[in-house]
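Results of the structural survey
Here is what each chain is made of, one letter per residue.
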Amino acid sequence: MEQAQRIQKLPPYLFARIEQKVAEAKEKGIDVISLGIGDPDQPTPAHIIEALKTAADDASNHQYPSSVGMIDYRTSVTDFYKRRFDVDLDPKTEVVTLIGSKEGIANISYCYINPGDINLIPDPGYPVYGIGTLLAGGDPYLMPLMEENSYLPDLTKIPDEVADKAKLMFINYPNNPTGATATLEFYEEVVAFAKKHDLIVCSDAAYTEVTFDGYVAPSFLQVEGAKDVGIEFFSLSKPFNMTGWRIAAAVGRQDVVEALGRIKSNIDSGAFQAVQLAAKAGLDGSYSVIEETQRIYSERMDVCVAGLRELGWKLEKPQASFYIWVKVPNGYTSAEFAEYVLEKAGVIITPGNGYGQYGEGYFRISLCIGKERITEALKRMKDAIGTIEL
Ligand SMILES: *Cc1c(COP(=O)(O)O)cnc(C)c1O
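Residues numbered from 1 in each chain as written. Predicted model: local features only at pLDDT ≥ 70, side-chain atom pairs only at ≥ 80, totals over all residues. Heavy atoms only, no water.

**Examining the pattern of salt bridges**
Quick note on the threshold: In what follows, salt bridge is the name for a side-chain nitrogen of Lys or Arg lying within 4 Å of a carboxyl oxygen of Asp or Glu. Helix numbers and strand numbers start at the N terminus; a helix is a DSSP run of H or I with at least 4 residues, a strand a run of E with at least 2. Partly exposed describes any residue whose relative accessible area lies between the buried limit of under 20% and the exposed limit of over 50%, with all areas from a 1.4 Å probe on protein chains only and scaled to the type maximum.
Inspection of the entire model under this criterion finds 27 salt bridges. A salt bridge links Asp31 to Arg373, with the nearest nitrogen and oxygen atoms 2.8 Å apart. Taken as a pair, Asp31 in the loop between α2 (16-27) and β1 (33-34) and Arg373 in helix α14 (residues 371-385) lie far apart in primary sequence, 342 residues in all. Classification of Asp31 as partly exposed rests on a relative accessible area of 40%. One continuous salt-bridge network, built from bridges that share partners, spans Asp31, Arg373, Glu376 and Arg380.

Rendered as structure tokens:
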């Protein structure tokens, strides 16, 4: 049986070759260090696990949940947004619970895309923006994120006819994979652009709570008029080390939140209530839990940035995320350099082209591994490749 065109249209899985190499290296008994995965290694805080246990014992949580989520959880989300960002949201109409933000990011295109419609997609970027667009029958229009523009999309370069035709615009700051951050001035520009071209903005806020050295990341919704043009995807995955739990929320513009809820009610039946109540405990609890996680990543960043500088790279410590985005040495493609580092040093880095065509020429380091292992990885890279010619 031939598979549907929507499956056939999906881009090839670019990490397959690296994964095969990793499997081969492990078979040979090589101790591979992964600076590849963007999945927190620290445990979920104990009070969240306790709340899950209590909620799991309660039989009233064993039935189908509401597909848009429990009002108690949604209220914790809006309280968090008020405390953290001073953003006012109505928990009844401006929040929908998600089974991880990936789910909402993929489903939002089904709400607005007819075949042949356009979404504006940052490149390099989290692959789900483009994949959700393709699955819904739409066409991604790429917004290059270039180093010379601080990895922000240059909105003036998007042709009017494209912007007028486009339905959704995805943005993601603090950014995966570049670690770049955005200012409120940039968000103001985005709001004006969205109003002018009648676009819905989808702000992916997965890393607003992964910040260092006094930097505080803004929410897109802090800007005046943002709630008229868009929504934000907020996830507990990164701030609370909860990637496995699958819990997040979409907040903001009412008709967009409603549309997402309508799609969800026809596809899934919502998140397990015990998980929502555990997430509520995290959101209602002390912010110091998040600060402890920030401290750990900041320390790893310091170690890694210092190590890369010693190898010859010139780079600044990112203010947020747990990623470092680095140029490959002259004469290598992203894939060639990633393979070279794996073969010579037993270290996995992610080739930048895995995040889109404008990621070519870069690689991403992820710091979801202890600082001793990061130190060891950098030492091995130094022994294997010496100092880099840039
Ligand atoms: C990790 C991540 C997410 C969060 O995904 P969940 O489905 O909420 O676990 C969203 N966007 C980006 C860019 C990410 O890196």
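**With respect to the site of the ligand**
Our working definition: We call a residue near a molecule or strand when any one of its heavy atoms sits within 4 Å of it. In protein, a polar contact requires one atom able to donate a hydrogen and another able to accept it; more generally it is a pair of N or O atoms within 3.5 Å, and residues adjacent in sequence count only if both atoms are side-chain atoms. The Shrake-Rupley method, run with a 1.4 Å probe sphere, supplies the accessible areas, and residue values consider only the shown protein chains as cover. Note on residue categories: nonpolar means Ala, Val, Leu, Ile, Met, Phe, Trp, Tyr, Cys or Pro, charged means Asp, Glu, Lys or Arg, and polar means any other residue, Gly included.
With respect to spatial proximity, 14 residues lie near the ligand, and among them Asp204, Tyr207, Ser237, Lys238 and Arg246 are the closest. Within the contact set of the ligand, an oxygen atom lies 2.9 Å away from a backbone nitrogen or oxygen of Lys102. Within the contact set of the ligand, an oxygen atom lies 2.6 Å away from a side-chain nitrogen or oxygen of Arg246. A total of 380 Å² of accessible area belongs to the ligand in isolation, and the protein chains cover 94% of it. Here the residues of the shell around the ligand sort into four nonpolar, six polar and four charged.

**A few points about the sheet that holds strand β5 (residues 166-171)**
For the record, the criterion: Pairing between two strands is assigned when DSSP locates at least 2 bridges connecting them. Axis definition: a line fitted to C-alpha atoms, over the contacting stretch in the case of helices. Angles run 0 to 180 degrees between N-to-C directions.
An order of β2-β8-β7-β6-β5-β3-β4 is seen for the seven strands of this open sheet, with the pairing classed as mixed. Taken across any chain shown, the strands that pair with only one partner, and hence form the sheet edges, are β2 (95-98) and β4 (139-144). Averaged over all adjacent pairs, the angle separating strand axes in this sheet is 25°, with direction ignored. Alignment of β2 against strand β8 (residues 248-252), held across four bridges, turns out to be antiparallel.

**A look at the sheet that holds strand β12 (residues 362-366)**
Here we have three strands laid out as an open sheet, ordered β9-β12-β11, and antiparallel in their pairing. Two strands lie at the open edges of the sheet, namely β9 (323-327) and β11 (350-351), each paired on one side alone. Taken together, the two bridges between β11 and β12 define a ladder with antiparallel strand orientation. When the bridges of β12 are listed, Pro351 appears paired with Phe363.

**Observations regarding the packing of aromatic side chains**
Applicable threshold: The aromatic pairing rule takes the rings of Phe, Tyr and Trp, using the six-membered ring of Trp, and pairs them if the centres are within 6.5 Å, calling planes under 30 degrees apart stacked, those over 60 edge-to-face and the rest tilted.
Going through the model one piece at a time under the given rule, you end up with 20 aromatic pairs. Ring centres of Tyr173 and Phe186 lie 5.7 Å apart, and the angle between their planes is 75°; this geometry places the pair in the edge-to-face category. Remark: Phe186 occurs in helix α8 (residues 184-197) and Tyr173 occurs in the loop between β5 and α8; sequence separation between them is 13 residues. One exposure class covers both Tyr173 and Phe186, and it is buried. Consider the rings of Phe337 and Phe363, whose centres lie 5.4 Å apart with planes at 45°: the pair is tilted. You can see Phe337 sitting in helix α13 (residues 334-345) and its partner Phe363 sitting in strand β12, a full 26 residues away along the chain. Of the two residues, Phe337 and Phe363, neither departs from the other in class, the shared state being buried.

**As for the domain arrangement of the chain**
For interface size, the figure often reported is the accessible area lost on association. Formally: An automatic or database domain assignment supplies the residue ranges for each domain. Summed over both partners, the accessible surface that disappears when two parts come together, traced with a 1.4 Å probe, is what is meant by buried area.
The assigned domain composition of the chain is domain 1 (5-43 + 288-385) and domain 2 (46-284). A straight line from the C-alpha centre of domain 1 to that of domain 2 covers 25 Å. Summed over both partners, the interface of domain 1 with domain 2 comes to about 3000 Å²; 62% of that surface belongs to carbon and sulfur atoms. Considering only the surface of domain 1 that becomes buried against domain 2, Ile290, Gln319 and Tyr358 emerge as the three largest contributors, covering 21% of it. One salt bridge connects Glu147 with Lys327, and the closest N-O pair in it is separated by 2.9 Å.

**What to know about the side chain of Glu94**
Here is the rule: Any two residues whose heavy atoms approach within 4.5 Å are treated as being in contact.
If you trace the backbone, Glu94 turns up in the loop between α4 (71-85) and β2. By relative accessible area, which is 11% here, Glu94 ends up buried. Contacts of Glu94, omitting those with residues within four sequence positions, involve Asp88, Leu89, Lys227, Ala250, Val251, Gly252 and Val257.

**Looking at α8**
Heads up, the rule is: One less than the number of residues in a helix, times 1.5 Å, gives the span that helix is expected to have.
The terminal C-alpha atoms of α8 lie 20 Å apart, and with 14 residues this matches the ideal 20 Å at 1.5 Å per residue to within 8%. After α8 finishes, the residue Asp198 shows a positive phi value of roughly 55°.

**Re the environment of Gln3**
Mapped onto the secondary structure, Gln3 falls in the segment before α1 (5-8). In this structure, the C-alpha to C-alpha distance between Gln3 and Ala271, residues 268 residues apart in sequence, is 30 Å.

**Observations concerning the environment of Leu378**
Among the structural elements, Leu378 can be located in helix α14. Exposure remark for Leu378: the relative accessible area of 7% places this residue in the buried category. Not counting residues within four places of it along the chain, the set of residues in contact with Leu378 comprises Val303, Cys304, Gly307, Leu308 and Leu311.

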